[in-house]
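Chain and residue survey
Each chain is listed here by its residues.
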Amino acid sequence: MLTLGFLVEIEAKPGKEGEVAEFLRQAKALVDAEPGTIVWYAFQVGPTSFRIFDAFDNEDDRQFHLAGKVRQGLEARADLFDPPPKINPVDLLTYKMPS
């Protein structure tokens, strides 16, 4: 059962929106290699605003993802963001997924 997650708030620097969108599209391949990351969504909510939501069955998988390649990529591409991405841990109350 999914119990834990992250909601990541990302703001692109002006003119960097396309690069942020492409970074997120490419990040999916990195997440696909993480069996403990059960759910991962990257989406845009405004002209310069993006979000990532991901979910995990346990704290070990959440911490593995937190230290993983997507986080490293966010840090390596700090030139795209202002302010730096905000990573918010969340506790899932309930959800609906296809069976």
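Naming follows an unreviewed UniProt entry, where the protein appears as Quinol monooxygenase of Catellatospora aurea.

**Some thoughts on the UniProt feature "domain: ABM" (unreviewed entry) in the protein**
Per the UniProt record, "domain: ABM" (unreviewed entry) is annotated on residues 7-67. When the span residues 7-67 is considered, its composition is 39% helix and 31% strand, and the gap between its end C-alpha atoms is 15 Å.

**Comments concerning the sheet that holds strand β4 (residues 86-91)**
An order of β2-β3-β1-β4 is seen for the 4 strands of this open sheet, with the pairing classed as antiparallel. Of all strands in the sheet, those bounded by a partner on one side alone are β2 (39-44) and β4. Strand-to-strand twist of the sheet, defined as the mean angle between neighbouring strand axes without regard to direction, takes the value 15 degrees.

**Some thoughts on the pattern of salt bridges**
In this structure the tally under the stated criterion is 8 salt bridges. Here aspartate 32 and lysine 28 are joined by a salt bridge, their closest N and O atoms 2.7 Å apart. One end of the pair is aspartate 32 and the other is lysine 28, both in helix α1 (residues 17-32) and 4 residues apart, which spans about a single turn. One salt bridge connects arginine 71 with glutamate 75, and the closest N-O pair in it is separated by 3.0 Å. Of the two residues, arginine 71 and glutamate 75 are both situated in helix α3 (residues 69-76); the distance of 4 residues between them amounts to about one turn of the helix. Here the salt bridges do not stand alone but share partners, grouping Lys16, Glu19, Arg77 and Asp79 into one network.

**Some points on a nonpolar patch on the surface**
On the surface, Met1, Ile38, Tyr95 and Met97 cluster together into a nonpolar patch covering about 420 Å² of accessible area. Locating methionine 97 in the fold gives a position in the segment after β4.

**Some points on the nonpolar core**
Nonpolar side chains in soluble globular proteins generally cluster together in the buried interior. Judged by nonpolar contacts, the single largest core of 18 residues is most densely connected at Ile10, Val20, Leu24, Phe50, Ile52, Leu74 and Phe81. For this core, the secondary-structure elements that each account for two or more residues are β1 (4-11), α1, β3 (49-56) and α3. Once you skip the residues sitting within four places of it in the chain, phenylalanine 81 turns out to touch Ile10, Glu11, Lys13, Val20 and Leu74.

**Brief notes about the packing of aromatic side chains**
Summed over the entire model, instances satisfying the criterion amount to 1 aromatic pair. Both rings, one in phenylalanine 6 and one in phenylalanine 56, keep their centres 5.9 Å apart while their planes meet at 75 degrees; by these two values the pair is edge-to-face. Pair noted here: phenylalanine 6 is in strand β1 and phenylalanine 56 is in strand β3, with a separation of 50 residues, a long-range link. As far as burial versus exposure is concerned, phenylalanine 6 and phenylalanine 56 are alike and both buried. For arginine 62, the ring lying beneath its charged end belongs to phenylalanine 6, and the centroid distance is 5.4 Å.

The rules behind each value
Residues numbered from 1 in each chain as written. Predicted model: local features only at pLDDT ≥ 70, side-chain atom pairs only at ≥ 80, totals over all residues. Heavy atoms only, no water. UniProt positions renumbered as here; feature names shortened; annotations may be inferred. Helix = DSSP H or I, 4+ residues; strand = E, 2+ residues; numbered from the N terminus. Pairing = 2+ DSSP bridges. Axes fitted to C-alpha atoms, helices over the stretch in contact; angles between N-to-C directions. Salt bridge = Lys/Arg side-chain N within 4 Å of Asp/Glu carboxyl O. Patch = residues over 30% accessible without salt bridge, like charges linked within 9 Å, V, L, I, M, F, W, Y side chains within 5 Å. Areas by Shrake-Rupley, 256 points an atom, 1.4 Å probe, with all protein chains shown as cover. Core = buried A, V, L, I, M, F, W, Y, C linked by side-chain atoms within 4.5 Å. Buried < 20%, exposed > 50% of the residue type's maximum accessible area, 1.4 Å probe, protein only. Contact = heavy atoms within 4.5 Å. Phe/Tyr/Trp six-rings, centres within 6.5 Å; stacked < 30°, edge-to-face > 60°. Lys NZ or Arg CZ within 6 Å of the ring centre and 35° of its normal.

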